[in-house]
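Reading the structure
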Amino acid sequence: MIYTISTNDLKAVSLAMADKDIRYYLNGVLFELDNAEGYRLVGTDGHRLHIVCKRKAQAADSVIMPRDTVVHIIKQKTQAFELEIIPGATRQIKIRTGGGFITVPEVQGKYPDCRRVMPKQLNPIETAHYQPEYLLDLAKAQKILGTKNQNGYLAQQGTNGGVYVDNEKSFYAVIMPMRHNAPESADFERGLAKVQS
């Protein structure tokens, strides 16, 4: 089956894709494909997770596309590309863009199950600290996907990570909080006193 994939969807999830990670399967994007030409794209580096879900049915197949191929497709600057999985001892991914097609081997390995880090319900009361670059990447992803009304929101989950949701574009993300030691209340009060003086 040939799938038509939005390049912007791929670009949005690639912002969370790992680069030169020893967990080689994270150096790429997971494509979950269904029999109704729908898809879910997942990118993660282990600290954050971006998902675009446009599945129409249960996933029938999945494949991990290598990072260099993801980057190549994005550089083509086409609106969409076609993807086909070629079966064999080592499965191949055939990609057709405006400038022709390429065939690359899939990344072997088991991609992390993103459902394990997605909370069942939100608990927005706890606080956490995030890498500012990760939050900027969420804004970039929203811009790439063309969200018009800035409808996305980040719900804090304490040490379980913040969950970002943009229902308008079927985009979801999880960002793991940074570990840090909270300041003692006396230190915090001294800092506030300096600001107020």
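Because the structure is a prediction, the values reported are computed rather than measured.

**Side note on the overall build of the protein chain**
When its secondary structure is counted, the protein chain shows four helices and 11 strands. The buried share among the 197 residues of the protein chain stands at 39%. Within the protein chain, contacts between residues at least 6 apart in sequence are counted, and of these 64% link residues at least 24 apart. Carbon together with sulfur atoms contributes 51% to the accessible area of the protein chain, which is approximately 11,600 Å² in total.

**With respect to the side chain of Asp137**
Along the chain, Asp137 falls in helix H3 (residues 132-145). Ignoring any residue separated from it by four or fewer positions in sequence, one finds Asp137 in contact with Leu15, Arg48 and His50.

**Here's the deal with the sheet that holds strand S1 (residues 2-6)**
Strand pairing in a sheet is mediated by backbone hydrogen bonds. Such pairs are either parallel or antiparallel. Spatial strand order, S1-S6-S7-S8: four strands in an open sheet with antiparallel pairing. Of all the strands in the sheet, just S1 and strand S8 (100-105) have a single pairing partner and so form its edges. This sheet shows a mean twist of 25° between the axes of neighbouring strands, independent of strand direction. Across five bridges, the pairing between S1 and strand S6 (residues 80-86) is antiparallel. Bridge pairing in S6 places Thr4 opposite Glu82. Helix H1 (residues 7-14) rests against S1 and S6 of the sheet, and its axis sits at about 65° to S1.

**Considerations on the packing of H1 against helix H2 (residues 67-75)**
It is the contact of H1 with H2, at a shortest axis distance of 10 Å, that shows an interaxial angle of 135°. The angle between H1 and H2 places the two elements in the oblique class. In terms of crossing hand, the pair formed by H1 and H2 is left-handed. Two secondary-structure elements touch here, H1 through Thr7, Leu10, Lys11 and Ser14 and H2 through Val70, Ile73 and Ile74. A per-class count over the contact of H1 with H2 returns four nonpolar, two polar and one charged.

**Regarding the pairing of S6**
Judged by which residues are buried, S6 turns out to be one-sided: Phe81, Leu83 and Ile85 face inward and are buried, whereas Ala80, Glu82, Glu84 and Ile86, on the alternate face, are not. Pairing analysis gives five bridges linking S6 to strand S7 (residues 92-97), with the strands arranged antiparallel. Paired with Glu82 across the bridge in S7 is Arg96. If you look at the hairpin formed by S6 and S7, you'll find five residues sitting between the two strands.

**Quick look at unusual backbone geometry**
The backbone phi angle of Lys20 is positive, close to 60°, even though this residue is not glycine. Residue placement: Lys20 occurs in the loop between H1 and strand S2 (28-34). Relative accessible area serves as the criterion here: at 74%, Lys20 is assigned to the exposed category. At Lys77, a residue that is not glycine, the phi angle is positive and equals roughly 55°. On the accessibility criterion, Lys77 (76% relative accessible area) is exposed.

**Focus: the confidence of the model for the protein chain**
Put simply, the protein chain has an average pLDDT of 81, and 78% of its residues get 70 or more. pLDDT under 50 marks residues 191-197. Its contacts with residues more than four places away, or in other chains, come to zero contacts.

The rules behind the values
- Counting starts from 1 at the beginning of each chain's written sequence and moves along it residue by residue.
- Confidence filtering applies because this is a predicted model: local features only for residues at pLDDT of at least 70, side-chain atom pairs given and counted only at 80 or more, and all residues used for totals across whole chains, interfaces and linings.
- Heavy atoms throughout the structure, all of them, feed into the side-chain values; hydrogens and water do not.
- Runs of H or I in DSSP of at least four residues are treated as helices and runs of E of at least two as strands, each being numbered from the N terminus.
- Categorising residues by exposure relies on relative accessible area from a 1.4 Å probe, with only protein chains included: less than 20% of the type maximum marks a residue as buried, more than 50% marks it as exposed, and the intermediate range marks it as partly exposed.
- In what follows, residue pairs with any heavy atoms lying within 4.5 Å of each other are defined as contacts.
- Here the Shrake-Rupley method, with its probe set to 1.4 Å, supplies the accessible areas, and only the displayed protein chains count as covering residues.
- Strands were regarded as paired on the criterion that DSSP finds at least two bridges between them.
- Orientation is described by lines fitted to C-alpha atoms, with helices fitted over the stretch in contact, and by angles between N-to-C directions that extend from 0 to 180 degrees.
- Between 65 and 115 degrees an angle is taken as roughly perpendicular, under 35 as roughly parallel, over 145 as roughly antiparallel, and anywhere else as oblique.
- What makes a crossing left-handed is the near helix being turned counterclockwise from the far one by less than a right angle; a clockwise turn instead makes it right-handed.
- Residues are grouped as follows: Ala, Val, Leu, Ile, Met, Phe, Trp, Tyr, Cys and Pro are nonpolar; Asp, Glu, Lys and Arg are charged; every other residue, Gly included, is polar.
- Each residue carries a pLDDT score, the predictor's own confidence in it, on a scale running from 0 to 100.

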